[in-house]
Every structure is written in C-alpha cells, then in structure tokens.
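# Structural description and commentary
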Amino acid sequence: MKTELIISFFFARLLVAPLVGAEKCPNCGVEVVTVGTVSDDETKPSKNQWVWDRSSCANLLHDKDSLICTRCWLVKDRTEPTVWMRSSELPSVFVIPLSAAIRGFPAPKNSANYDQRFEAKNRVESLSFWCEDSKELIAGFQRYCEEHGLTIKVERSERHPREAYVLVEQKPIAQQAGTGQPATAPELKSEGKDKPQPESIVAPR
C-alpha cells in the first residue's frame, strides 16, 4: 500500500509540474518559475521586495511556491490571481519604466520604495517612504501630487512621533500584455531601510 501511494504521488508531481512551468508572465511572456528555485543574492539590491524583504519586518505575502518571472521579476499575488507586482528601492530597474511623475517625485534621498502592479489590464504605480513630519515638506509633496495627477496619503505612528509615512499613487494606466522592454539602468547597491509601515497600513500599493 505504501509503495502504491509513493508511485501515485510521483506521477501526480509529473502531471502538475508542466502546468506550473507553462504559466507565462502577463507582462513579457516569459515562462515563470517558483520562488523556491531562485536564489536571493544579498550582495545586490533585492530583485523584488515583495519576495525578498531585507527589512526587519519580513514580508510573508509570498513563499517558495509563489510564481515569479526572472526577466521582469514580477511575482504573482497568491490572494488575487490576476495581480502581479514588483517592489524596488531603485526606480530605474523596472522593465516597463515607471511613469515620469512617479520617478520624479521629490522623495528624500534613499528613502523610497517603488511599486509596480499589473492588475488585469491596468498598471498601477506608487512609491512610499518615511520623512520628517514637517508641514512645509508635506505641503510640497501635496502640491507635486496636484500638479501631476497623483494621490497622496499621509499616515503617522505613535512609535515615530516626529515622522510621517507617505504613500503616493498614480492613477491606473491601461496596459497591453507583452509590451515590456529590458531595463537599461544597472541595479545599484541598496542603502537599506528597515523602518516598518504604520500599523494602519498593511502594504504599499
């Protein structure tokens, strides 16, 4: 009986494996793999902070069975099957370049995390960061958002009374699948940030 179960399990794995490998990235069309088959090179910036979070607040949204593209470095959301996403401290590494408004946002140097999400046929881009809780500074951020059609949300935490958490988001951009182009800028060494998000914010979008 035990031998029969082992044989059944072996053939089940053979049947499932091709199905996993056959799934393709909705952005560039490359076959995706599971996260567990990819190594995280900690001497370089994280390819995707949704998967390899170097901060003290580890991100548990994805595991070794999550699907990821090794060209775009987009990972599939396990709870929303039509959503693929990537997060990086470097705005220049995305296969489809971030919008000029997001790239040019005047965030404090080496402070921001940039996110790109593909939700069905839409692309949603954002950045988030901690900064000094200054009325003048935040007013400048708000003016920039008004001028560039961005939304901004400012949160505060009792654990960091003199600082504010800022989330800036671009309106959804219509996106055609398979239009990605290789990133042209090198992935520079990360400065590293490990300050958590306020308790009221689950994850940047």
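Residues numbered from 1 in each chain as written. Predicted model: local features only at pLDDT ≥ 70, side-chain atom pairs only at ≥ 80, totals over all residues. Heavy atoms only, no water.

## Re the packing of aromatic side chains
Aromatic ring pairs are reported here in terms of the distance separating the ring centres and the angle at which the planes meet. All told, the structure shown has 6 aromatic pairs when counted by the stated rule. Aromatic side chains Phe 129 and Phe 141 sit 5.3 Å apart centroid to centroid with 85 degrees between the ring planes, which places their arrangement in the edge-to-face category. Here Phe 129 is found in strand S6 (residues 122-132), whereas its partner Phe 141 is found in helix H3 (residues 135-148), with 12 residues between them in sequence. The exposure classification of Phe 129 matches that of Phe 141, with both residues buried. Residues Trp 130 and Tyr 165 carry aromatic rings whose centres are separated by 5.6 Å and whose planes lie at 65 degrees to one another, so their mutual orientation is edge-to-face. Taken together, the residues Trp 130 in strand S6 and Tyr 165 in strand S8 (residues 160-170) connect sequence positions 35 residues apart. Through a chain of ring-to-ring contacts, three or more aromatic side chains come together here, namely Phe 105, Phe 129, Phe 141 and Tyr 144. (Phe/Tyr/Trp six-rings, centres within 6.5 Å; stacked < 30°, edge-to-face > 60°. Helix = DSSP H or I, 4+ residues; strand = E, 2+ residues; numbered from the N terminus. Buried < 20%, exposed > 50% of the residue type's maximum accessible area, 1.4 Å probe, protein only.)

## Focus on the side chain of Arg 86
With respect to the helices and strands, the residue Arg 86 is situated in strand S4 (residues 83-88). The exposure class of Arg 86 is buried, given its relative accessible area of 1%. In this structure the side chain of Arg 86 is engaged in a polar contact, spanning 3.4 Å, whose partner is the backbone oxygen of Cys 72. (Polar contact = N/O pair within 3.5 Å; in protein donor to acceptor, adjacent residues only side chain to side chain.)

## Focus on the pairing of strand S7 (residues 150-157)
As paired strands, S7 and S8 are joined by 7 bridges and run antiparallel to one another. Opposite Leu 150, over in S8, you have Gln 170 as the bridge partner. The loop that links S7 with its antiparallel partner S8 comprises 2 residues. (Pairing = 2+ DSSP bridges.)

## A word on the pattern of salt bridges
In this structure the tally under the stated criterion is 7 salt bridges. For Arg 78, the salt bridge goes to Asp 63, with nearest N and O atoms at 2.6 Å. Within this pair, whereas Arg 78 is found in the loop between strand S3 (75-76) and S4, its partner Asp 63 is found in the loop between strand S1 (33-34) and strand S2 (67-68), the two being separated by 15 residues in sequence. Arg 117 is the salt-bridge partner of Glu 119, the closest N and O atoms lying 3.0 Å from each other. Considered together, Glu 119 and Arg 117 belong to a single accessibility category, that of buried residues. (Salt bridge = Lys/Arg side-chain N within 4 Å of Asp/Glu carboxyl O.)

## With respect to the environment of Phe 105
Within the secondary structure, Phe 105 is located in the loop between helix H2 (100-103) and strand S5 (113-119). Remark: the alpha-carbon pair of Phe 105 and Cys 145, spanning 40 residues in sequence, is separated by 8.5 Å.

## Remarks on the confidence of the model for the chain
Atomic detail in the predicted coordinates should be set aside for any region of low pLDDT. Residues at a pLDDT of 70 or more form 71% of the chain, whose mean pLDDT is 80. By mean pLDDT, the top-scoring element of the chain is H3 (97), and the lowest-scoring one is helix H1 (residues 2-22) (48). This stretch, residues 9-21, has a pLDDT under 50; its non-local contacts, to residues over four places away or in other chains, come to 5 contacts. (pLDDT = per-residue confidence, 0-100. Contact = heavy atoms within 4.5 Å.)

## A closer look at empty space enclosed by the protein
Tallied over the full model, the rule gives 1 cavity of 30 Å³ or more. Put simply, the largest cavity is a space of about 30 Å³. Lining the largest cavity we find Asn 27, Cys 72, Leu 74, Arg 86, Phe 94, Val 95, Ile 96 and Gln 116. Split into classes, the residues belonging to the lining of the largest cavity amount to 5 nonpolar, 2 polar and 1 charged. (1 Å grid on protein atoms, 1.4 Å probe; cavity = no way out; pocket = protein on both sides within 12 Å on 5 of 7 lines; lining within 4 Å. Points joined across faces, edges and corners; volume = space filled by probe spheres on them. Nonpolar A, V, L, I, M, F, W, Y, C, P; charged D, E, K, R; others polar.)

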